[in-house]
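# A closer look at the structure
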Amino acid sequence: MSSKPTCHLIRPENSYEGKQGLSYFTGIATETVGSTGICMHLLTMPPGARAKAHMHESHETAIYVLSGEVHTWYGDRLEQQIVVKAGDLFYIPAGVPHLPANLSDSPASAVIARTDPNEQESVVLLPELDGLVA
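Residues numbered from 1 in each chain as written. Predicted model: local features only at pLDDT ≥ 70, side-chain atom pairs only at ≥ 80, totals over all residues. Heavy atoms only, no water.

## A word on the environment of Ser104
Topologically, Ser104 is positioned in the loop between strand E9 (98-101) and strand E10 (108-114). We classify Ser104 as partly exposed; its relative accessible area is 21%. Distance from Ser104 to Gly68, taken between C-alpha atoms, is 7.9 Å for residues 36 residues apart in sequence. Those residues within four positions of Ser104 in sequence are excluded, and the remaining contacts are Pro47 and Gly48. A polar side-chain atom of Ser104 sits 2.7 Å from a polar atom in the side chain of Asn102. A distance of 2.9 Å separates a polar side-chain atom of Ser104 from the backbone oxygen of Ser106. (Helix = DSSP H or I, 4+ residues; strand = E, 2+ residues; numbered from the N terminus. Buried < 20%, exposed > 50% of the residue type's maximum accessible area, 1.4 Å probe, protein only. Contact = heavy atoms within 4.5 Å. Polar contact = N/O pair within 3.5 Å; in protein donor to acceptor, adjacent residues only side chain to side chain.)

## Quick word on a nonpolar patch on the surface
A cluster of nonpolar side chains, contributed by Tyr64, Leu66 and Leu89, occupies part of the molecular surface with about 330 Å² of accessible area. Its place among the elements puts Leu66 in strand E5 (residues 61-67). Overall, the relative accessible area of 45% leaves Leu66 in the partly exposed class. (Patch = residues over 30% accessible without salt bridge, like charges linked within 9 Å, V, L, I, M, F, W, Y side chains within 5 Å. Areas by Shrake-Rupley, 256 points an atom, 1.4 Å probe, with all protein chains shown as cover. Salt bridge = Lys/Arg side-chain N within 4 Å of Asp/Glu carboxyl O.)

## Points about unusual backbone geometry
Of note, Leu78 is a non-glycine position whose phi angle comes to about 55°, a positive value. By secondary structure assignment, the location of Leu78 is in the loop between strand E6 (69-74) and strand E7 (80-85).

## Some words on the environment of Glu31
Relative to the elements of secondary structure, Glu31 occurs in helix H1 (residues 30-33). Sequence separation of Glu31 and Ser106 is 75 residues, and the distance between their C-alpha atoms is 31 Å. Leave out the neighbours within four places in its chain, and Glu31 touches Pro117, Asn118 and Glu119.

## What to know about the packing of aromatic side chains
The tally for this structure, following the rule as stated, stands at two aromatic pairs. Ring geometry for Tyr16 against Tyr24: centres 5.7 Å apart, planes inclined by 20°, an arrangement best described as stacked. With a relative accessible area of 24%, Tyr16 lands in the partly exposed category. The buried category is assigned to Tyr24, whose relative accessible area is 4%. Judged by centre distance (6.4 Å) and plane angle (65°), the rings of Tyr74 and Phe90 are edge-to-face. Remark: Phe90 occurs in strand E8 (residues 89-92) and Tyr74 occurs in strand E6; sequence separation between them is 16 residues. Residue Tyr74 is classed as partly exposed on the basis of its relative accessible area of 23%. (Phe/Tyr/Trp six-rings, centres within 6.5 Å; stacked < 30°, edge-to-face > 60°.)

See the structure below:
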């Protein structure tokens, strides 16, 4: 068996429950393809879905919304809010607390890439912030 890196095809047919309280489709990660600097997966948030407040301690996140819209609260006390819609790109720096929620009556889907190759390694839950968003 060669240790030379090679290409991999992932079909996002399986899902897993993330620490954030959402169900993610399996994608590119250390666990699936042996990546060492990036992970990428798909997320579909059903109407009314809401993540737990969290941050990614040392890793940046880039999101491209494919469909729907997601309200995201962010900042030290989740004091800022933005609505990210289909076609938008959204960047979250490392260490920034955030909480996304789908407040619409339609599903919202996005491609999410992170500089942490291990999907759940850098997720830090912030339960003390959950109550700040109604």
